[in-house]
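Observations on the model geometry
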Amino acid sequence: MTTAITIEHVSKSFTAGGQRVTALDDVSLSIDRGEIFGIVGYSGAGKSTLLRTINALERPTAGRVVVDGVEVSALGGRALHRQRQRIGMIFQRFNLLQSRTVFQNVAYPLRVAGASKDEIVDRVDELLRFVGLSERALEHPSRLSGGQQQRVGIARALANRPDVLLSDEATSALDPQTTSEVLELLRRVNREYGVTIALVTHEMEVVRELADRVAVMQQGTVVEHGAVYDVFSRPSHPTTRRFVSSVLHHLPDAEALDRIRRVHRGRIVQIHVENRESNDPFLSRIARQHDVDYNVVYGGVSELQSRLFGTLTVELLGNDLDVDRAIAGIATSAAIIELPPSAEQATSAAEELIHA
Amino acid sequence: MRDIDLEALLPKLGEALLQTLQMITLSFVIAGVVGVLLGILLYATRPGNLLENRLVFGALNALINVIRPIPFIIIIIALIPVTRALLGTSIGTTAAVPALALVASVAIARIAESNLVAVDPGTVEAGAAMGASPARVLFTIVIPESLGPLTLGLTYIFVALVDATAVAGLVGAGGLGSLALTYGYQRFDWFVMIAVIVTLIVLVQLAQVAGNRVARAVQHQR
């Protein structure tokens, strides 16, 4: 797999109100051709700044950015304008030209690139068909819904057949239903046109639905990155964990665990299940074998990129020796940890489990 | 009670209306061109913009700030030598035009500049991201996107010009204002006064309605 975008030791700082602000601090990432790469972080983490270095809307103060073999961060003038025509971009607030029709908005980048009239008409027709807005070609953006406006934004970004599409919080202003429609469209852009997509979002759901790989940013640095499955199933940085738990509710928090304990007086274990290929019903097999009963008291299993992972919180009932043996037995099939009786100890134990 | 002499009034009213319209149209066209160009220059030379130039921006800015607070009646008198040099006379309808055009130009320059500055920076960024040069962004995005509010601003200036022409009447420019002053104020002919006021109200209304329509048409918003 070849690399589409390389970000090498990129730093960006500026002076605001007499104070030196570091927006990016030595960030290195590489994005493969044809993949969808998510950059997630809270606001102010530097993710939009990072995205904007890819088409040089932001200039790094140090480091370099290479797109398709061209060092974008070193370009200026005409060469930069030409390079930008090959990188599409969509925005949170769509940024369509209100004084132009839908057709003219999509035609704009083609005019900039110097396409002929016939080419423009053909290409805009094709793009509006692709995003399902052929009937709205002669209307103005203000007459369209948010989702439709973003589809115009996507058509416009694709006009010059870019290899790379940058998406800056493209679904953050949309309702959940419209968000999934736009995400579906972006998936088609990636699959049908082979466009590499770099997307910035603060919604982990977007990453989960769309991305192949993800980088988590905090205070201008990438604190964790990897395949979406790995990051979701085994988040290591506290910020990543917070993001993951915003969409996956596999682990009980301290309060939930407290409530569980009030009802379930037996020994409580957590079992981490991941991408099980075997169909061995290990839980009931082992329970039967050691004469132990079990009770699933909390848990969740999710599918990501057609692979399963999750955590079950289970109460084991039986005499201590049998339960000990059952835990040892389960440990041969899955990661398992017993929760100590107090709640705080329990949550830190749960984090250990995931990294066992 | 004096007789109301409609037959004598109508021609006078017509002539005054014509003079007013002549003054407004001429000065409005000149100021529209000069003011909008100045506004674009102000915008483009602003720090961080296409033709960033502290000297030009600072000088223009100062010039406008000097002219704007001066009362129109003083400007029209102060400009008499200039007008005489320009037109060979300092009285009459056309003689009011340089002063009217000057005040309207600086006002329009300010309005145009603020409307350009107010254009959604997101669209400017989108233009840059699509590979448009800064000049292209200015002419194909910033200016077209500002036209709606700019039209409303121009309408406002048009109405302000109606007001200013009344003052121009003082220096013998004629027009509705001068008619109202000579007959209504100096001769206590309230009928003439009211006729002039009604004519002015209709004129302003028509201008505002037309301005609103044009603004809506260029803005494409409901």
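Residues numbered from 1 in each chain as written. Chains lettered and ligands numbered in written order. Predicted model: local features only at pLDDT ≥ 70, side-chain atom pairs only at ≥ 80, totals over all residues. Heavy atoms only, no water.

Some words on the sheet that holds strand 3 (residues 36-41) of chain A
Note on sheets: strands pair through backbone hydrogen bonds, and any given pair is parallel or antiparallel. Residues and elements named next belong to chain A. For clarity, the cut-off: When DSSP locates at least two bridges between a pair of strands, those strands are taken to pair. Starting at the N terminus, helices and strands are each numbered in turn, a helix being any DSSP run of H or I of at least four residues and a strand any DSSP run of E of at least two. Think of each axis as a best-fit line through the C-alpha atoms, taken over the contacting stretch in the case of a helix, with angles from 0 to 180 degrees between the N-to-C directions.
In spatial order, the strands read 6-7-8-3-9-10; together these 6 strands make up an open sheet with mixed pairing. Across the chains shown, the open sheet's two edge strands, defined by having one partner strand only, are strand 6 (87-91) and strand 10 (221-227). Ignoring strand direction, the axes of neighbouring strands in this sheet form an average angle of 15 degrees. Examined bridge by bridge, strand 3 and strand 9 (residues 213-218) share 5 bridges and lie parallel to one another. Note on strand 9: the bridge partner recorded for Gly-41 is Met-217.

Quick word on the domain arrangement of chain A
Residue and element names in this part refer to chain A. Let me state the cut-off plainly: These domain limits were set by an automatic method or by a database of domain assignments. Two residues form a contact once any of their heavy atoms are found within 4.5 Å. By buried area we mean how much accessible surface two parts lose on assembly, using a 1.4 Å probe and totalling the loss over both. Only one rule defines a salt bridge in this text: a Lys or Arg side-chain nitrogen within 4 Å of an Asp or Glu carboxyl oxygen. Think of a polar contact as two N or O atoms within 3.5 Å of one another; within protein, one of them needs to be a possible hydrogen donor and the other a possible acceptor, and neighboring residues in sequence only count if both atoms come from side chains. Under the scheme applied, nonpolar residues are Ala, Val, Leu, Ile, Met, Phe, Trp, Tyr, Cys and Pro; charged residues are Asp, Glu, Lys and Arg; polar residues are all the others, including Gly.
By the assigned domains, chain A splits into domain 1 (3-239) and domain 2 (254-354). Contacts between the two partners involve 10 residues from domain 1 and, on the opposite side, 10 residues from domain 2. Counting the surface lost from both domain 1 and domain 2, the interface buries some 920 Å², and carbon and sulfur atoms represent 53% of this. Our enumeration of links across domain 1 and domain 2 arrives at 1 salt bridge. When the shortest N-O distance is used, the salt bridge between Arg-234 and Glu-274 registers 2.9 Å. Counting every contact that joins domain 1 to domain 2 gives 4 residue pairs in polar contact (both at pLDDT 80 or more). Considering each element in turn, the side of domain 1 that touches domain 2 owes the most residues, 5 residues, to helix 8 (residues 228-233). The class makeup of the residues in the side of domain 1 that touches domain 2 is 5 nonpolar, 1 polar and 4 charged.

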